[in-house]
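Single-letter residue listing:
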Amino acid sequence: MQTRHQDRSAYFEETATSCRNYYLPYIEQHTSLKFGRNCRVMEVGCGFGGILSIFAAKGATVTGIDIHKPSIETAKTLFAERGLKGTFICSDIFDYSDTQPYDLIILHDALEHIPEKERLMLHLKSFLKADGLLYLGFPAWQMPFGGHQQMAKNRIIANCPYIHLLPRSLFRFVFRACGEKESTVKCFFEIRDTRITIEGFHKLVTATGLRIVNQRLYFINPNYQVKFGLKPRILSPVIGKIPYVRNFFTTTCYCLLAMQEGAN
């Protein structure tokens, strides 16, 4: 596991920087939303709240939902330390309800971890204003580190691209041989079972009555700049138009969704 995940304040600032430099500009480029106090923003799987801090700093009313209680408590603490206002709730998103709709819902690096994707998207859709937007960021499964193997404790596995594409039996053998705990191997198999491809995502959007406002595929994930000092790079449009092949080169997909035209 990378030590950066263990320093909560540093990780908060890291995600805040990525949001300030990339997520927010991308969203603003494709919407007329003004993130002032009348704008309601919700993030599902908010972690420590770094992403939401950028919207809170602009005056938006922000709500963070996460099933992990320590993360929610950390988010409350880090927001308070920075004089920011936000509501953080420890809950399974399927158990969460709200009578007030949201202008923007954020789901960044979370979709690939959720088994019931169609149910999730329909649930989030119910929270959107008629002209609201849903922003998602997710890695294509076949990309070099689509299996999240960088989270492994063994450095060989953590730095081995495409290892997650091995057959299940060989995958398990390699992880065990490298000393990973059975609980860790189980986590990696859960990611393997909840994976998402670009094509699968498009089918999901259609099935849930949403539409794609914009999609951007990255060859070098913008997150890699703050993590590894790598300059972000958008995937070649030529490769980006080739179904299935593009998944092997898309380290992250940014996408903005809205209600279908004429939908209630």
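The following refers to the structure shown. Computed from a prediction, not measured in an experiment: that's the story for all the values here.

## Topic: the packing of aromatic side chains
Scanning all chains against the criterion turns up 16 aromatic pairs. Grouping aromatic residues by their ring pairs yields a cluster made of Tyr23, Tyr26, Tyr135, Tyr218 and Tyr254. In this structure, Arg119 is placed above the aromatic ring of Phe94, and the distance from its NZ or CZ to the ring centre is 3.9 Å.

## Quick word on the pairing of strand 2 (residues 61–66)
If a strand is regular, its side chains alternate between the two faces of the sheet. Within strand 2, 5 of the 6 residues are buried, which leaves it mostly tucked inside the rest of the structure. Two strands pair when backbone bridges link them, and strand 1 (residues 40–44) and strand 2 are joined in this way by 5 bridges, in the parallel orientation. Across the sheet, Met42 pairs through a bridge with Thr63, a residue of strand 2. Relative to strand 3 (residues 87–90), strand 2 is paired through 4 bridges, and the arrangement is parallel. Bridge pairing in strand 3 links Asp66 to Cys90. After leaving strand 2, the chain enters helix 3 (residues 69–81) and then returns to the sheet as strand 3, a path that is right-handed.

## A few points about the environment of Val245
Summarising the element assignment, Val245 is placed in the loop between helix 10 (237–240) and strand 8 (252–259). Assessed through its relative accessible area of 37%, Val245 is described here as partly exposed. In this structure, the C-alpha to C-alpha distance between Val245 and Arg176, residues 69 residues apart in sequence, is 30 Å.

## Quick word on the pattern of salt bridges
The final tally for this structure, using the stated rule, is 11 salt bridges. The partner of Arg82 in a salt bridge is Glu81, with the nearest N and O atoms 3.7 Å apart. Looking at Arg82, the relative accessible area reads 29%, which means it is partly exposed. The exposure class of Glu81 is exposed, given its relative accessible area of 57%. Put simply, Glu182 and Arg176 hold a salt bridge, and the shortest N to O gap is 3.1 Å. For Glu182, a relative accessible area of 40% translates into the label partly exposed.

## Notes on the sheet that holds strand 3
The strand order across the open sheet built from 8 strands is 3-2-1-4-5-8-6-7, with neighbouring strands paired in mixed fashion. Each edge of the open sheet is held by one strand with a lone partner, namely strand 3 and strand 7 (233–234). Relative to the sheet, helix 4 (residues 117–125) contacts strand 1, strand 4 (102–108), strand 5 (128–138), strand 6 (210–220) and strand 8, its axis offset from that of strand 5 by approximately 140°.

## Notes on the side chain of Arg192
With respect to the element layout, Arg192 can be found in helix 7 (residues 182–193). Asp193 provides the closest opposite charge to the buried, unpaired Arg192, separated from it by 5.7 Å.

What counts and what doesn't
Residues numbered from 1 in each chain as written. Predicted model: local features only at pLDDT ≥ 70, side-chain atom pairs only at ≥ 80, totals over all residues. Heavy atoms only, no water. Phe/Tyr/Trp six-rings, centres within 6.5 Å; stacked < 30°, edge-to-face > 60°. Lys NZ or Arg CZ within 6 Å of the ring centre and 35° of its normal. Buried < 20%, exposed > 50% of the residue type's maximum accessible area, 1.4 Å probe, protein only. Helix = DSSP H or I, 4+ residues; strand = E, 2+ residues; numbered from the N terminus. Pairing = 2+ DSSP bridges. Right-handed = clockwise from strand over helix to strand, strands pointing away. Salt bridge = Lys/Arg side-chain N within 4 Å of Asp/Glu carboxyl O. Contact = heavy atoms within 4.5 Å. Axes fitted to C-alpha atoms, helices over the stretch in contact; angles between N-to-C directions. Lys, Arg positive; Asp, Glu negative; His and termini not counted.

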